[in-house]
Amino acid sequence: MTKSTAQLKIINRLHVYRAEQRLTQEQLAKAIGVTRATIVAMEGGGYNPSLELAFRIARFFKTDINAIFSIEEESE
Amino acid sequence: MNRFDRVILKVFLYELPIILLYFISISIFGLEAAAQRNSYAKVWYDFGGCFVFGSWMVVSLCLSMRLTVSASCREKVLAKLTFLKERDEREVLLTGQAAKNTMLTTLAILLFLFCLSCFQISIYQVPPGQAVDGKSRVLSLGLQFDFINSTTKKPPQTDGTLEKENLVSYTALPLSSSSVIIGLIGWQIVSYNYLMRRAMK
């Protein structure tokens, strides 16, 4: 039996979109209903948001979810 | 959290400083002796001792029972007491991880304490005349498990003719149940907060 061992990494372009909109982390956090620490963690790649939060972020930036979040296969 | 819970919580908190003041006046100002001479002191002694302390004990029991059965009461009171923060989904996730680690370490500590409370070890020396195979030192191992606390102390077991001189003796945990419980409560709060802070970094 073969088992897929490829690690998937979720990358986000949150900081790019935030910079485009000239928003501070605090402002974005308030707008999508999370703490600033969560924005910091997401931008630093330390936290992957839930599907609900990802959709909320996409809706806030009026874009598709795939434009902000994408998956990359990590090489072992 | 219903109205009854709110009332007993307020009574519990507001009576605390009065009780503290009462015990300070007993231990520092000698209220007990003063109550026999002064009528004001007697009123304070009776009010503080009988009414406030008695009602506080009843309220404490009610509150602890409500905390056990009511989820909303637990959420409101214990969450504040343990500095639990769940402002967004990330904090909910971290709280879950910290709570899981705390639960597992507490379980490990409880198992360790259970072992310490059950095991009995003693090394004793018998007089040369009573030595077995020329050996006068005896190692005795045992297990003790009491489901309920018996108030009467069992007399030490002797073999009738055996005169023992204890070298090392360990029987159960040398801590009272109250100190173990308060230790575990403190451990739960400290452990959770430490793990949560570490995860938040």
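Some remarks on the overall build of chain B
(1) Moving on: Within chain B, the regular secondary structure consists of six helices and three strands.
(2) Moving on: Counting from the amino terminus, chain B carries its helices and strands in the arrangement α-α-α-α-α-β-β-β-α.
(3) Moving on: Whereas a compact globule of 201 residues would reach a radius of gyration of roughly 17 Å, chain B reaches 26 Å, over 25% beyond that.
(4) Moving on: If one aligns the C-alpha atoms of chain B with their principal axes, the spans along those axes are about 75 × 65 × 30 Å.
(5) Moving on: Across the 201 residues of chain B, 23% fall into the buried class.

Remarks on the overall build of chain A
(1) Moving on: For chain A, the count of helices and strands is five helices and two strands.
(2) Moving on: Counting from the amino terminus, helix and strand elements in chain A follow one another as β-α-α-α-α-α-β.
(3) Moving on: Along the first, second and third principal axes, the C-alpha set of chain A runs to 50 × 25 × 20 Å.
(4) Moving on: When contacts within chain A are restricted to residue pairs at least 6 apart in sequence, long-range pairs at least 24 apart make up 61% of them.

Structural notes on helix H2 (residues 25-32) of chain A
All names here are of chain A.
(1) Moving on: Where H2 is concerned, the buried positions are Gln25, Leu28, Ala29 and Ile32. Seen along its axis, H2 keeps its buried residues to an arc of 100 degrees; they face one direction.
(2) Moving on: Packing partners of the buried residues in H2 comprise helix H1 (14-20), helix H3 (36-43) and helix H4 (51-60).
(3) Moving on: Phi for Gly33, located one or two positions after H2, is positive at around 75 degrees.

What about the interface of chain A and chain B?
(1) Moving on: With 10 residues of chain A at the interface, the matching set in chain B holds six residues.
(2) Moving on: Carbon and sulfur atoms supply 51% of the area buried between chain A and chain B, which totals about 620 Å² over both sides.
(3) Moving on: Summed over the three residues of chain A that lose the most area to chain B, namely Thr35, Thr38 and Tyr47 of chain A, the buried surface amounts to 62% of that side.
(4) Moving on: Element by element, the count of residues in the side of chain A that touches chain B is highest for H3 of chain A, at three residues.
(5) Moving on: Looking at the side of chain A that touches chain B residue by residue, the class counts come to six nonpolar, four polar and no charged.

Some details on the confidence of the model for chain B
(1) Moving on: When pLDDT is averaged along chain B, the result is 85; 93% of the residues meet or exceed 70.
(2) Moving on: The complex prediction reports pTM at 0.75, with the ipTM value standing at 0.81.

Here we look at unusual backbone geometry
Residues and elements named next belong to chain A.
(1) Moving on: Of note, the phi angle at Arg22 is positive, near 55 degrees, even though the residue is not glycine.
(2) Moving on: Mapped onto the fold, Arg22 is located in the loop between H1 and H2.
(3) Moving on: Judged by relative accessible area, which is 75%, Arg22 ranks as exposed.
(4) Moving on: Unusually for a residue other than glycine, Lys62 sits at a positive phi of about 50 degrees.
(5) Moving on: Within the secondary structure layout, Lys62 lies in the loop between H4 and helix H5 (65-68).

Quick word on the environment of Leu67 of chain B
Residues and elements named next belong to chain B.
(1) Moving on: Along the chain, Leu67 falls in helix H3 (residues 39-69).
(2) Moving on: Exposure remark for Leu67: the relative accessible area of 15% places this residue in the buried category.
(3) Moving on: Considered as a pair, Leu67 and Leu78 are 11 residues apart in the sequence and their alpha carbons are 8.2 Å apart.

As for a nonpolar patch on the surface
Residue and element names in this part refer to chain B.
(1) Moving on: A surface patch of nonpolar side chains, about 370 Å² in accessible area, is lined by Ile18, Val43, Phe47 and Phe51.
(2) Moving on: For the nonpolar patch, the element with the highest residue contribution is H3, accounting for three residues.
(3) Moving on: For Phe51, the location among the structural elements is in helix H3.

Some details on the state of the cysteines
Residues and elements named next belong to chain B.
(1) Moving on: Inspection of every chain in the model, using the stated rule, returns zero disulfides over all chains.
(2) Moving on: With no disulfide of its own, Cys115 lies closest to Cys118 among cysteine sulfurs, the gap being 7.2 Å.
(3) Moving on: Owing to a relative accessible area of 32%, Cys115 belongs among the partly exposed residues under this scheme.

Some remarks on the environment of Asn66 of chain A
(1) Moving on: If you trace the backbone, Asn66 of chain A turns up in helix H5.
(2) Moving on: Along the sequence, Asn66 of chain A and Asn12 of chain A sit 54 residues apart, while their C-alpha atoms lie 9.1 Å from each other.

Things to note about the packing of helix H5 (residues 89-118) of chain B against helix H6 (residues 177-200) of chain B
Residues and elements named next belong to chain B.
(1) Moving on: Close contact between H5 and H6 brings their axes to 9 Å; oriented N to C, the two are set at 145 degrees. Crossing geometry of H5 relative to H6 is assigned as right-handed.
(2) Moving on: For the contact of H5 with H6, a count of residues per class yields 14 nonpolar, seven polar and two charged.

Conventions used here
- By convention here, each chain's residues receive numbers from 1 onward along its written sequence.
- The lettering of chains begins at A and the numbering of ligands begins at 1, in the order of writing.
- Only residues with pLDDT of 70 or above have their local features reported here, since the model is predicted, and side-chain atom pairs are shown and tallied only from 80 upward, although totals for entire chains, interfaces and linings are computed over all residues.
- Only hydrogens and water are set aside; all other atoms, that is, all heavy atoms of the structure, feed into the side-chain values.
- Comment: elements are numbered from the N terminus, with helices defined as DSSP H or I runs of at least four residues and strands as E runs of at least two.
- Just to be clear, the radius of gyration here is over C-alpha atoms, and the globule rule we use is 2.2 Å times residues to the power 0.38.
- Each residue is placed in one exposure class: buried if its accessible area under a 1.4 Å probe, protein chains only, is under 20% of its type's maximum, exposed if it is over 50%, and partly exposed if it falls in between.
- Residue contacts are counted whenever heavy atoms from the two residues lie within 4.5 Å of one another.
- Directions drawn from the helix axis to the C-beta atoms are what define this arc.
- What counts as buried area is the accessible surface, traced by a 1.4 Å probe, that two parts surrender upon association, with contributions from both included.
- For this classification, the nonpolar set comprises Ala, Val, Leu, Ile, Met, Phe, Trp, Tyr, Cys and Pro, the charged set comprises Asp, Glu, Lys and Arg, and every other residue, Gly included, is treated as polar.
- Scored from 0 to 100, pLDDT reflects the predictor's confidence in each residue.
- Note that patches include only residues with greater than 30% relative accessible area and no salt bridge, and the join distances are 9 Å for like charges and 5 Å for nonpolar side chains (Val, Leu, Ile, Met, Phe, Trp, Tyr).
- A 1.4 Å probe and the Shrake-Rupley method give the accessible areas. Residues count as covered only by the protein chains that appear here.
- Every case where a carboxyl oxygen of Asp or Glu lies within 4 Å of a side-chain nitrogen of Lys or Arg is listed as a salt bridge.
- For the purposes of this analysis, a disulfide is any pair of cysteine sulfur atoms at a distance within 2.5 Å.
- The convention used is that axes are lines fitted to C-alpha atoms, helices contributing only their stretch in contact, and that angles between N-to-C directions extend from 0 to 180 degrees.
- Working rule for handedness: look at the near helix, and if it is turned counterclockwise from the far one by less than a right angle, call the crossing left-handed; if clockwise, right-handed.

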